[in-house]
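Architecture and fold: a report
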Amino acid sequence: MNKFRIHIAKRDTMPVAAAWAIRIGAIVLALLLGSLLTLVLTGKNPLSVLLTIVQGAFGTERKIWTTLRDTSVLLMFGLAVAPAFKMRFWNIGAEGQVLMSGLGTAVVMFFLGGKINDGLLIILMLVAAIVCGMLWAFIPAVIKAKWNTNETLSTLMLNYIAAQIVSMFIAWAVPSGSMKMGIINQDTNAGWLPALFGNKHILIIIMALLITAFVFVYIKYGKGGYELTVVGESVKTARYVGIKVEWVIIRTMLISGAICGIIGFLQVAGVEHTISPNTAGGLGFTAVLVAWMAKLNPIVMIFTSMLIVVMSNGAGDVASSLGLNASFSDILTGIILFFLIGCEFFINYKICFSAKNDKISSDVTDSKESESSGGVEENEGGKQS
Amino acid sequence: MKKIERNNISYYEQRKNIGINEMSNQQIAVQMENITKTFGSVIANKNVDLEIRNGEILSLLGENGSGKTTLMNMLSGIYAPDEGRIFVNGEEVRIKSPRDAYELGIGMVHQHYKLIDVLTATENIILGLDGKLNIKEATAQIKEICDRYGFDVDPNQKVYDMSVSQKQTIEIVKMLYRKAQILILDEPTAVLTPQETDKLFDVLRNMRNDGKAIVIITHKMHEVESLSDRVAVLRSGELIGYLVTKETNATEMTNMMVGKSVSLNITRREPVDPKDRVIVSGINVVSEDGIQKLKDVSFTVRSGEILGIAGISGCGQKELLEAIAGLQPTQSGSIKFVNDDGSEEELLGMSPTQITEKGVKLSFVPEDRLGMGLVGNMDITDNIMLRSFRRGKAPIADRKFSRNLAGEIVDDLQVVTPNLQTPIRRLSGGNVQKVLVGREISTSPKVLMTAYAVRGLDINSSYAIYDQINLQKEKGCAVVYVGEDLDVLLELADRILVLCAGQVSGIVDGRTIDKNTLGMLMTKVGGEKSNE
């Protein structure tokens, strides 16, 4: 009788191709499990459910543009948090930073709309948005740099403060007490972003691609990106080579804040033309997922953000055309994410099954080759980490 | 499932002859058979057969990365072997956890002690044991063990009040209290003074005479010679063979370990035209917790000369070097850098960047290689770039320069690496250190400071590093070398500064001083004889 032993060992490195094969395999498995669940729970044809999701995201021209725009917005959120994450600064405050910049945009739009030249107005709105976003990122950065406070808490709490400030502004600006801002400058369209090439989504998509390129180059090739990577890996090393750690933390967060500023500006001036505490829509948290699933690689983030957007945009159609609850798409999304994140375990570790044999294999020694393990061994004992 | 699985086949019949058997009337305590362990693609141990006997001290000898610690970790339950079998006292066992090991009477004293600071010696010793908690009885038993082997331990002392050697003693007493018959020590002397080492060795000999099986992992040849009965040599994860200590010598052991013959001499040339380069006077450092780390330290480093710094670990070496490098805030004093033309720069209070901007070429190889000197997750090029990423005005870093420099360093210092894109943490300790030293000397420094530059390195790598340091000295660089191996310090350094508890207890000539005097100075505070 063979008894099996199982143990887990850390992998050295895996070829990139193999790692992606595992990830794709994980998605296939997730789809299979999702199909099974669909069959068992709803009795519908799983393929038709999947098709409906794809239809819901890409079915019509309008849907394609919406999906592209939503992907771009989510992508920008991810890009805003990625540099900070690379620095091991757990910024979950994109929500609040976008909200504050949206507020900045709305305030300028509300008070100066129609009073000054429209071009100047839009520039002022953008400046206000970026300043507000940077301010909201500067606060947690500076208290982290100076007093080493926990940035997870401070960025999270600043989200709530931002939401309350927006509510306060609305309560003050809308005397009717409806607590709804309404569309700003509905008659004049002052401060509304023009539709490029006759399409109001294109500007957002272009901005998202520009920011992707910027963040990619900044992190991978820039001096600043190099500095923040060193700070993230080891503050001691950074100080040893004379990197000003405090300044790097603040500078990186200012960049995050500026990107959030652009998002807030685009959302308020380009899409919603109003402000509410829900303007950021929780995307600041989804962005964490987008960034980490892509291993903080801006290019890969395009795909991770699209995956999430397709699943959630397709959910509506699953609900309406198949008569299923919209939550069903959430279940499928959950399964896919679970598999995607879970498969990283198999990329980093291997599971060894070894049969316990009762014979002593004395002939193994004969086939000994002089393995040239050279100098690429790890330090002894350093493998536990 | 039973923890210990019995096996009916007598392994004595099956065993192959694996070395010398003249003393086989001694009882075999542990028999490891055909042990293989891999980590990823790295083979840590390959088909190793090892025999540990009662009443014997076995030295496990091998270069870094040869798999000594991994092999012993499999005995102490930290790792499980991928293949192979382990017999303890003739029975096949499976050791799944440190607890299994302890139940089999196997105890290991690790390089990094596993004690809880806020507990007393007794509490640490009985921690994790079953049965009723009876501190009084335990204390009495611990006292008895200490008397028997001549340990100097106060069972009620808190661990945070203890010196390194006391902590080590606690680890050993812990194993004895748990009735360990097989004791493994991983580089036990790395942090001890010569006097403390002698004391430890006496205790180990006592234990051997008591019939216990002792395994000691060490790099230091003279310790192997003076302590052990038998030597097992590992190379690249494989057991090369056994030697009887009495019948061998350091050269033979080294050759067996390295696989080719190695010369064990360090050349020491007379300094050429030494001039004062760095003048340190009266610096005081108080740590954040208010502990005085350096007290009124003054000395001069000269060009073309190696100033060795000796001292028990943690008596201010780290703070001293970091103060000069601009990384450690100082309370008072002065650190003057003397230019070739005689003009002076005050370095105290300057940051590393300011020091570089002043044009002072100061290089520093810190003790903490992967935590401070290098970034483990970055590749060789990016690690070389740590010193040069500011080049140029463009916001894009000049990787080409660093890549070329990295290539040169890899070639010059014979760094073994698959390519420049390999994360540095995956290189062996010696190669990691070569990259660090290579980067630090690539700027042709005027001052080179190294802290424990060869700690944990195998013989080949160590000598490669000594050569580089000597080369800098010949180029007229002022070298500060903090070391722990006194034999090497005595061979390498022109002058030796001895630190004790943050104070200078002597500056002596490296050519004339002997090891014992040096050891005495290391335990004398400010030249005064201490109570210890």
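Rules used throughout
Residues numbered from 1 in each chain as written. Chains lettered and ligands numbered in written order. Predicted model: local features only at pLDDT ≥ 70, side-chain atom pairs only at ≥ 80, totals over all residues. Heavy atoms only, no water. Helix = DSSP H or I, 4+ residues; strand = E, 2+ residues; numbered from the N terminus. Buried < 20%, exposed > 50% of the residue type's maximum accessible area, 1.4 Å probe, protein only. Areas by Shrake-Rupley, 256 points an atom, 1.4 Å probe, with all protein chains shown as cover. Pairing = 2+ DSSP bridges. Axes fitted to C-alpha atoms, helices over the stretch in contact; angles between N-to-C directions. Contact = heavy atoms within 4.5 Å. Domains from an automatic or database assignment. Phe/Tyr/Trp six-rings, centres within 6.5 Å; stacked < 30°, edge-to-face > 60°. Lys NZ or Arg CZ within 6 Å of the ring centre and 35° of its normal. Expected span 1.5 Å × (residues − 1).

Along the backbone of chain A there are 13 helices and two strands. When burial is assessed residue by residue, chain A has 48% of its 385 residues classed as buried. Just so you have it, chain A exposes about 18400 Å², and 67% of that area is on carbon and sulfur atoms.

Okay, the environment of Ser312 of chain A next. Residues and elements named next belong to chain A. Among the secondary structure elements, Ser312 is positioned in helix H12 (residues 298–322). On the accessibility criterion, Ser312 (41% relative accessible area) is partly exposed. Separated by 21 residues in the primary sequence, Ser312 and Thr333 place their C-alpha atoms 7.7 Å from one another.

Attention now goes to the sheet that holds strand S11 (residues 276–286) of chain B. Residue and element names in this part refer to chain B. The antiparallel open sheet is built from four strands, whose spatial order is S12-S11-S14-S15. Two strands bound the open sheet, and with one partner strand each, they are strand S12 (292–302) and strand S15 (344–346). The sheet shows a mean angle of 20° between the axes of neighbouring strands, direction not considered. As defined by bridge partners, strand S14 (residues 332–338) adjoins S15 across three bridges and the pair is classed as antiparallel. For Lys336, the partnering residue across the bridge sits in S15 and is Glu346. Helix-sheet contacts for helix H10 (residues 317–325) involve S11, S12 and S14, and the interaxial angle to S12 is about 65°.

Each assigned domain of chain B is listed with its residue range as follows: domain 1 (11–258), domain 2 (272–361 + 445–455 + 476–532) and domain 3 (368–443). Domain 1 of chain B and domain 3 of chain B are separated by 37 Å when their C-alpha centres are compared.

Attention now moves to the sheet that holds strand S9 (residues 230–235) of chain B. All names here are of chain B. Strand order in the open sheet formed by six strands is S6-S7-S8-S3-S9-S10, with mixed pairing between adjacent strands. Of all the strands in the sheet, the pair left with one neighbour each is strand S6 (106–109) and strand S10 (238–244). Neighbouring strand axes in the sheet, compared pairwise and without regard to direction, differ in orientation by 20° on average. Of the pairings in the sheet, the one linking strand S3 (residues 56–62) to S9 comprises five bridges and is parallel in character. Pairing of Leu61 across the sheet is with Val233, part of S9. Packed on one face of the sheet, helix H6 (residues 164–177) meets S6 and strand S7 (182–186) and runs near 175° to S6. Here helix H9 (residues 250–258) sits on the sheet in contact with S3, S9 and S10, set at roughly 30° to S9.

Moving on, we come to unusual backbone geometry. A positive phi angle is found at Asn89 of chain B, which is not glycine, with a value near 50°. In this structure, Asn89 of chain B sits in the loop between strand S4 (83–88) and strand S5 (91–93).

Another point: the packing of aromatic side chains. Inspection of every chain in the model, using the stated rule, returns 15 aromatic pairs over all chains. Judged by centre distance (6.0 Å) and plane angle (40°), the rings of Trp90 of chain A and Trp292 of chain A are tilted. With Trp90 of chain A in the loop between helix H3 (61–86) and helix H4 (94–112) and Trp292 of chain A in helix H11 (residues 283–293), the pair connects residues that are 202 residues apart, well separated along the chain. Under the relative-accessibility criterion, Trp90 of chain A is labelled partly exposed at 32%. Seen in terms of ring centroids, Phe345 of chain A and Phe346 of chain A are 5.3 Å apart; in terms of plane orientation they differ by 90°. Their pairing is edge-to-face. Under the relative-accessibility criterion, Phe345 of chain A is labelled partly exposed at 34%. Through a chain of ring-to-ring contacts, three or more aromatic side chains come together here, namely Phe110, Phe111, Phe169 and Trp172 of chain A. Geometry around Tyr240 of chain A places Arg387 of chain B over its ring, the cationic atom sitting 4.6 Å from the centre. Over the ring of Phe401 of chain B we find Arg391 of chain B; its NZ or CZ atom is 3.7 Å from the centre of that ring.

Another aspect to go through is helix H7 (residues 202–221) of chain A. With 20 residues, H7 of chain A should reach 28 Å at 1.5 Å per residue; the first-to-last C-alpha distance of 28 Å fits that figure. On its buried side, H7 of chain A packs onto H3, helix H8 (223–233), helix H10 (245–272) and H12 of chain A.

Moving on: the pairing of strand S1 (residues 28–39) of chain B. Residue and element names in this part refer to chain B. Judged by how many residues are buried, S1 sits mostly within the fold: 11 of 12 residues are covered. Pairing of S1 with S4, which is carried by five bridges, proceeds in the antiparallel orientation. Bridging from a neighbouring strand, Met32 pairs with Ile86 of S4.

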